[in-house]
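Survey of secondary and tertiary structure
Given next are the chains, with one letter for each unit.
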Amino acid sequence: MAPQHRRVRARATAVGAAAVVVAAALAAGPTTEPVPADDSRPAAPAPDEPVALPTVPEVPKAPAAPAADVPPVPVPVLPAPLRDVPAFGAFLASDARGVDRMEQFSRWLGGAELRVGHTYLPGHRWSDIEGDVGFLEAWARWRNAEEDRMLVLNVPLQERNEEGVPDHEVRQLLRRGAAGEFDHHFRALAERLVELKVPDTVLVLGWEMNGVTYTHRCGPDPESWKKYWNRIVRTMRAVPGQEFRFDFTPSRGRDAVPWTQCYPGDDTVDIVGMDSYDQPAGHSFDEQVEEPYGLRAHVDFAKAHGKPISYPEWGLFRNGDNPEYMRRMLAWIDRHEPLYNTVTDYCPHGVWQCDDNPESSRVYKSVLHGRTHEEEPDTTPETPAPTPAPTVPLPPENCSPLDLGRWVEYWLGGKLCFRFDWWSRTR
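Given the structure is predicted, the values throughout are model-derived calculations rather than measurements. (Residues numbered from 1 in each chain as written. Predicted model: local features only at pLDDT ≥ 70, side-chain atom pairs only at ≥ 80, totals over all residues. Heavy atoms only, no water.)

A few points about the confidence of the model for the protein
Predicted confidence across the protein gives a mean pLDDT of 80, with 67% of residues reaching 70 or more. When the elements of the protein are averaged for pLDDT, strand S1 (residues 35-36) gives the smallest value, 36, and strand S6 (residues 245-248) the largest, 99. Overall, residues 1-57 carries pLDDT values under 50, and its contacts beyond four positions in sequence, including any with other chains, amount to 57 contacts. When the criterion is pLDDT under 50, residues 375-395 qualifies, and its contacts beyond four places in sequence or with other chains add up to 18 contacts. (pLDDT = per-residue confidence, 0-100. Helix = DSSP H or I, 4+ residues; strand = E, 2+ residues; numbered from the N terminus. Contact = heavy atoms within 4.5 Å.)

The following block contains the structure:
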């Protein structure tokens, strides 16, 4: 920005004296060079021939200036390399609409990389559980579009899975499964997934088995449930070309039966998951962490068994729009680094397709906005660079500046100086 011109009040005699000095200096004809105060004005050219001058008294050489005590500039400490971000995604719909919404959800998150696609097989009839549903093809195409994507598929263990089958019938079904009666349905599913070129699908078998909702629940006969699970896993692993990983996923808390009583064993479990919603009403996040069979028990159990953890389902539920829960759950996930997590995105649980939770939605979006699996967004505040000390323009070499006063120097554009070597033809 150009400096503002200021009015200068000076007595006529002062101006006249300065003018006389300038005139005398110019009439005498020494080589003069203005030294710009801001390096913005070009230096005046030297005359072609030297001009005779009156004797100029020798100007004593100024003593060397002491070395300035400049504090050392600290070298900025670079942040440590950021760890890989756990894979994440969302359940947006089971069928091909869920595939289409993945890109929209990513755009809503500022281009965040959704590595996990999550869908569910229907549990109405055995043909559904065998994978005879058209939308698996759409999910397989999504999975294979990028090498590092992950397809998570929830698989019911029984048909009529949400029809309120009573305990005594569930008990009989579990025993029939443990005896191998239903093996061929799961062999067909494995072959279907290999055919679709998604042999590395993560299979969440019989999820939330510790509750009362599903026909594949564990409570009526935990021992038969575990035997049944083991048969399914061994049957599917026997299919050529498979690379499946099997996720044992109870719901958080004790529910109808402690989920540890349903654990089928380390040989057939690859991942220990947990579905964790914001419930029951009135419970804080700390209570969800510390309750029996809660979040901390889940992490500790998986660690004791040498298994990674996951959160296939999580979200809001019984406490309305709860940004504190959302903030704490996201922090918990970042801290414990599950293999993957997928928020359940429909009302009342969700943050994108549900308008009932605007504050929680803002928290979720602010934390995951623009996130990729390569690095976390760098939230470290930038340290401003030190402001350099103002530089004072130096006079030309072998030149002694004349002090003509600030007013004259202002109009001249800098100081005048006499060269000591004006007589030299080689300068």
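What to know about the packing of aromatic side chains
One pair of aromatic rings is described through two measures. These are the centre distance and the angle between the planes. Following the criterion strictly, the structure yields 25 aromatic pairs and no others. Between Trp225 and Trp229, the aromatic rings sit 5.8 Å apart at their centres with planes inclined by 25°, giving stacked as the arrangement. Residue Trp225 and its partner Trp229 are located together in helix H7 (residues 222-237), separated by 4 residues, close to a single helical turn. We note that Trp225, like Trp229, is buried. When the ring of Phe248 is compared with that of Tyr263, the centres are 5.3 Å apart and the planes differ by 80°; the resulting orientation is edge-to-face. Taken as a pair, Phe248 in strand S6 and Tyr263 in the loop between S6 and strand S7 (271-273) lie far apart in primary sequence, 15 residues in all. Judged on exposure class, the residue Phe248 and its partner Tyr263 are both buried. Taken together, the ring pairs connect Trp225, Trp229, Phe248, Trp259, Tyr263, Tyr293 and Phe301 into an aromatic cluster. The side chain of Arg318 reaches across the aromatic face of Phe317, ending 4.0 Å from its centre. (Phe/Tyr/Trp six-rings, centres within 6.5 Å; stacked < 30°, edge-to-face > 60°. Buried < 20%, exposed > 50% of the residue type's maximum accessible area, 1.4 Å probe, protein only. Lys NZ or Arg CZ within 6 Å of the ring centre and 35° of its normal.)

Details of the packing of helix H10 (residues 323-336) against helix H11 (residues 358-368)
Put simply, H10 and H11 touch, their axes get as near as 8 Å, and they point 25° apart. In terms of orientation, H10 and H11 fall into the roughly parallel class. Crossing angle aside, the handedness with which H10 passes H11 is right-handed. Listed contacts from H11 to Pro323, Met326, Arg327 and Leu330 of H10 are Glu359, Ser360, Val363, Tyr364, Val367 and Leu368. For the contact of H10 with H11, the class distribution of residues is 7 nonpolar, 1 polar and 2 charged. (Axes fitted to C-alpha atoms, helices over the stretch in contact; angles between N-to-C directions. Parallel < 35°, antiparallel > 145°, perpendicular 65-115°, else oblique. Left-handed = near helix turned anticlockwise from the far one by under 90°. Nonpolar A, V, L, I, M, F, W, Y, C, P; charged D, E, K, R; others polar.)

Examining helix H4 (residues 135-144)
Counting buried positions over the 10 residues of H4 gives 7, a clear majority of the element. Every buried residue of H4 is listed here: Phe135, Leu136, Ala138, Trp139, Ala140, Trp142 and Arg143. In the core, the buried residues of H4 are packed alongside helix H2 (96-108), strand S3 (116-120), strand S4 (150-155) and helix H6 (183-195).

So, the pairing of S6
Direction of pairing for strand S5 (residues 202-205) relative to S6: parallel, over a ladder of 3 bridges. Bridging across to S6, Leu203 finds its partner in Phe246. Taking the sense of rotation as the criterion, the β-α-β connection linking S5, H7 and S6 turns out right-handed. As paired strands, S6 and S7 are joined by 2 bridges and run parallel to one another. In the strand pairing of S7, Asp247 is matched with Ile271. (Pairing = 2+ DSSP bridges. Right-handed = clockwise from strand over helix to strand, strands pointing away.)

A closer look at the state of the cysteines
Counted by the stated rule, this structure contains 2 disulfides. Between the sulfur atoms of Cys218 and its disulfide mate Cys262 the distance is 2.2 Å. Disulfide Cys218-Cys262: the torsion about the S-S bond is -100°, which places it as left-handed. With Cys218 in the loop between S5 and H7 and Cys262 in the loop between S6 and S7, the pair connects residues that are 44 residues apart, well separated along the chain. Of the two residues examined, Cys218 and Cys262, each falls in the buried class. A sulfur-sulfur distance of 1.9 Å marks the disulfide that ties Cys347 to Cys354. Judged by the torsion about the S-S bond (105°), the Cys347/Cys354 disulfide is right-handed. Residue Cys354 is classed as buried on the basis of its relative accessible area, which comes to 3%. (Disulfide = S-S within 2.5 Å.)

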